[in-house]
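The chain contents come next:
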Amino acid sequence: MLAIQISRTGGPEVLEAVEAEVPSPAAGQILVRHAAVGLNYIDTYHRSGLYPLKLPSGIGLEAAGTVEALGDGVTRFKVGDRVAYNGTMGAYAEAAVVPADRAVKVPDGVSLETAAAAMLKGMTAEFLVRRCFHVKHGDAVLIHAAAGGVGQILVQWCKALGATVIATVGSETKAAIARDLGADHVIDYSHEDVAAKVAELTGGQGVAVVYDGVGKDTWAASLKSLARRGVMVTFGNASGPVPAFAPLELSAKSLFVTRPKLFDYIATTEELDESAQALFAVIGSGAVKIDIGQTFPLAEARAAHEALEGRRTTGATVLIP
């Protein structure tokens, strides 16, 4: 089968297409024949070495497909079930074995392509708006990179919860996307002062929470945009890690800062199932639509990474085996 691997860290050029044996599931595992593979920014962190892996390694954490074989003791699924998973390294392949307790069934009303595009990004949005910070009706929220994969879901989900959404983007094209998704206000950070604009839009009060997957480039503006006792959720490093800071800096408005990751919010099978059910429910209701902005053949994973890091993508990206 075709698989994408890395034997060294670096830019997109280190992604190698190789022929690999189709693995056999061990006890407690399932073999999933992939219909679609999700592309996520965390994949670039693994590829670059920001998040170290033992090399050589497969890459990719999320995919959806059909159960092709069961390991001993698996009762959670049967052959032929439509499933999706995230958190198991090596998804950039035509098939993969994954622990049965880390996969979820895909409802009939959700396509496998949508599931592959939505699992990691959608479950990230789920824990961000429901558990990391509980967004409620009337909250003002600031969402950076609102036209990106996680950003698009956050905008829609926060609107469904009754929040006032202030979105940031880097171009007029992406501003139009954010508006179409329901953002109340859109700030183009390529030529607008984000913190000053947030202050203007909120009457000087600031926002209850900032969802920031950009990192270094938006850190200072994010802190300035928060209301008293506001929560800074820095969950990604698209522009690089945030700079070191002294906790005393937070005392001006008694701010909170958290750097969460999804896998601490779906640590148990029960948490995984609850998160997936909440995600598929908002997709099924129509409150959240998953925009697959572009697809690439699996063999062209390098081009997909170049497009993602070059900010030439909108919405979600999937690789098709």
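To keep things clear, this report deals only with the structure shown in the data block. The model shown is predicted, which means the values in this text are computed figures rather than measured ones.

### Comments concerning the nonpolar core
- In terms of nonpolar packing, the biggest core is built from 61 residues, with Ile-143, Leu-154, Cys-158 and Tyr-211 touching the most fellow members.
- Not counting chain neighbours up to four residues away, the residues in contact with Ile-143 comprise Gly-151, Leu-154, Val-155, Cys-158, Val-165, Ile-166, Ala-167, Thr-168 and Tyr-211.
- With 29 residues, the next largest nonpolar core counts Val-37, Tyr-92, Phe-296 and Leu-298 among its residues.

### Examining empty space enclosed by the protein
- Overall, the coordinates contain one cavity of 30 Å³ or more when judged by the stated rule.
- Lining the largest cavity we find Ala-117, Lys-121, Gly-149, Gln-152, Ile-153, Gln-156, Lys-289, Ile-290, Asp-291, Gly-315 and Ala-316.
- Elements with a minimum of two residues in the lining of the largest cavity: α2 (112-132) and α3 (149-160).
- For the lining of the largest cavity, a count of residues per class yields four nonpolar, four polar and three charged.

### With respect to the pattern of salt bridges
- One pass over the structure, following the stated rule, counts 14 salt bridges.
- Notably, a salt bridge pairs Glu-172 with Arg-179, separated by 3.0 Å at the nearest N-O pair.
- A salt bridge links Glu-306 to Arg-302; the nearest nitrogen and oxygen atoms lie 3.1 Å apart. Residue Glu-306 and its partner Arg-302 are located together in helix α8 (residues 301-309), separated by four residues, close to a single helical turn.
- Taking the relative accessible area as the measure of exposure, Arg-302 reaches 42% and is therefore partly exposed.
- Within the structure, one salt-bridge network assembled from shared partners comprises Lys-78, Asp-81 and Lys-105.

Parameters at a glance
- Each chain carries its own residue numbering, running from 1 in the direction its sequence is written.
- Whole-chain, interface and lining totals are the exception, using all residues; otherwise, since this is a predicted model, local features are given only for residues with pLDDT of at least 70 and side-chain atom pairs are given and counted only at 80 or more.
- As a rule here, side-chain values cover all heavy atoms of the structure and leave hydrogens and water aside.
- Nine residue types can take part in a nonpolar core, namely buried Ala, Val, Leu, Ile, Met, Phe, Trp, Tyr and Cys, and a core is a set of them joined through side-chain atoms within 4.5 Å.
- Here's how the labels work: a residue is buried when its accessible area is under 20% of the maximum for its type, exposed when over 50%, partly exposed in between, all with a 1.4 Å probe on protein chains only.
- Contacts: residue pairs with any heavy atoms within 4.5 Å of one another.
- Here a cavity means grid points, on a 1 Å grid over the protein atoms only, where a 1.4 Å probe fits yet cannot get out; a pocket means an open set of points with protein on both sides within 12 Å along at least five of seven lines; lining residues are those with an atom within 4 Å of a point.
- Grid points are joined across faces, edges and corners, and a volume is the space filled by probe spheres set on the points.
- To qualify as a helix, a DSSP run of H or I must reach at least 4 residues; to qualify as a strand, a run of E must reach at least 2; elements of each kind are numbered from the N terminus.
- Each residue is assigned to one class: nonpolar for Ala, Val, Leu, Ile, Met, Phe, Trp, Tyr, Cys and Pro, charged for Asp, Glu, Lys and Arg, and polar for all the others, Gly among them.
- The salt bridge definition used is simple: a Lys or Arg side-chain nitrogen within 4 Å of an Asp or Glu carboxyl oxygen.

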